[in-house]
Amino acid sequence: MIQKDLSDLLEPVFEAVLEGGAYLLQRNNCSNLDLFVNSAVCEVDDVVGQKILKRLQRTRILAYSEEVDDAQQRVAQQQFWWVDPIDGTRGYLGDEKEYGVSVGLVIENVPVLGVLYQPAYRKLFYAVDHAGARVKNLETGEEKVLAVSLRTGGDAVAVRGTQFSEKVEAIYDSLHLSQRIGPMGSFTAKVLAIAEGRGDVYVKLGDKCNEWDSCAVDVILQEAGGTITDIEGNKIYYNKLIPK
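Owing to the predicted nature of the structure, the values given are computational and were not obtained by experimental measurement.

1. Quick word on the pairing of strand E8 (residues 157-161)
Stage number 1. Sheet topology places E8 next to strand E9 (residues 179-184); four bridges connect them, and they run parallel. Residue pairing in the sheet places Gly161 in a bridge with Met184 of E9.
Stage number 2. Taking the sense of rotation as the criterion, the β-α-β connection linking E8, helix H5 (residues 166-174) and E9 turns out right-handed.

2. With respect to the sheet that holds strand E3 (residues 100-107)
Stage number 1. Taking strand neighbours across the sheet as the criterion, the seven strands line up as E1-E2-E3-E4-E5-E6-E7 in an open arrangement whose pairing is mixed. Looking at which strands have only one partner, the edges of the open sheet turn out to be strand E1 (63-65) and strand E7 (143-145). On average, each strand axis in the sheet is tilted by 20 degrees relative to the strand beside it, whichever way the strands run.
Stage number 2. The pairing of strand E5 (residues 123-128) with strand E6 (residues 133-137) spans five bridges and is classified as antiparallel. The residue of E6 that forms the bridge with Tyr126 is Arg134.

3. A few points about helix H6 (residues 187-195)
Stage number 1. Most of H6 is tucked away, with nine of its nine residues classed as buried.
Stage number 2. Residues of H6 that are buried: Phe187, Thr188, Ala189, Lys190, Val191, Leu192, Ala193, Ile194 and Ala195.
Stage number 3. On its buried side, H6 packs onto strand E2 (79-87), strand E4 (110-118), E5, E8, E9 and helix H7 (211-223).
Stage number 4. One or two positions beyond H6, positive phi appears at Gly197, with a value near 90 degrees.

4. Observations concerning the nonpolar core
Stage number 1. Core analysis: the largest hydrophobic core is formed by 33 residues, its most contacted members being Leu56, Trp81, Leu105, Leu113 and Val115.
Stage number 2. Of all the elements in the fold, those that place two or more residues in this core are helix H1 (10-30), helix H2 (38-56), E2, helix H4 (89-93), E3, E4 and E5.
Stage number 3. Ranked by residue count, the leading element in this core is H1, at seven residues.
Stage number 4. Residue contacts for Leu56: discarding those within four places in its chain leaves Val13, Ala16, Ile61, Ala63, Trp81, Val83 and Val103.

5. So, the packing of aromatic side chains
Stage number 1. In total, this model carries six aromatic pairs according to the counting rule given.
Stage number 2. Taking 5.8 Å as the distance between ring centres and 75 degrees as the angle between the ring planes, the aromatic pair formed by Tyr64 and Phe80 counts as edge-to-face. Note that Tyr64 is positioned in strand E1 and Phe80 in strand E2, a separation of 16 residues in sequence. No difference in accessibility class separates Tyr64 from Phe80, as the two residues are buried.
Stage number 3. Geometrically, the ring pair formed by Phe80 and Trp82 is edge-to-face, given 5.7 Å between the ring centres and 80 degrees between the ring planes. The residues Phe80 and Trp82 share a single accessibility class, namely buried.
Stage number 4. Put simply, the rings of Tyr64, Phe80, Trp82 and Trp212 pair up and form one aromatic cluster.

The rules behind the values
- Residues numbered from 1 in each chain as written.
- Predicted model: local features only at pLDDT ≥ 70, side-chain atom pairs only at ≥ 80, totals over all residues.
- Heavy atoms only, no water.
- Pairing = 2+ DSSP bridges.
- Helix = DSSP H or I, 4+ residues; strand = E, 2+ residues; numbered from the N terminus.
- Right-handed = clockwise from strand over helix to strand, strands pointing away.
- Axes fitted to C-alpha atoms, helices over the stretch in contact; angles between N-to-C directions.
- Buried < 20%, exposed > 50% of the residue type's maximum accessible area, 1.4 Å probe, protein only.
- Contact = heavy atoms within 4.5 Å.
- Core = buried A, V, L, I, M, F, W, Y, C linked by side-chain atoms within 4.5 Å.
- Phe/Tyr/Trp six-rings, centres within 6.5 Å; stacked < 30°, edge-to-face > 60°.

What follows is the structure, encoded as structure tokens:
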């Protein structure tokens, strides 16, 4: 049975991402030295992922992640959770703040609910299809509606990634985007900068967009008035057998 009142699902997802984020902060505050070992990276992803998956069990909707995916089972589902325990793992390991914990709900190949928590900033982003997008500062309790900026043309602001790319810079130049912000490490941080109105355009090279990375933030950006598309302007299709 497909969930009808999506807002009822927000509370367990909030609990899931907050628990995962608390673990990351605790682990980060203890010591980062051991995190540079590949086995430890896998361990952190696995621990956070298991905490989130356990919390999501109460929704009675199956959940998957990069680490825990049964593609044959998943593609047969009308609805399921995509979980990304750490978006921006490299930044997390390097003591950067823009990593996030992400959970998105897909119904009939379309993302319809997204929750993303940035533990270092104590910012909780969330959106439900046709209900708008919001961000809550957990330090102050302040909550606000998200909306993309109204900047157009040469006034628009481009978002940079941490790895410099001449091709991306050339695209930004061709669009006459003289203003740049960044660099930002994680994919979701760059998209959220647009949802918050700090940036307007982000170009990601390559032909891959991991579904677990983009699912939640796709809903958030859409409900804020923006969109994620491929180079031809098509929206991202979810629940592929190979979800990349």
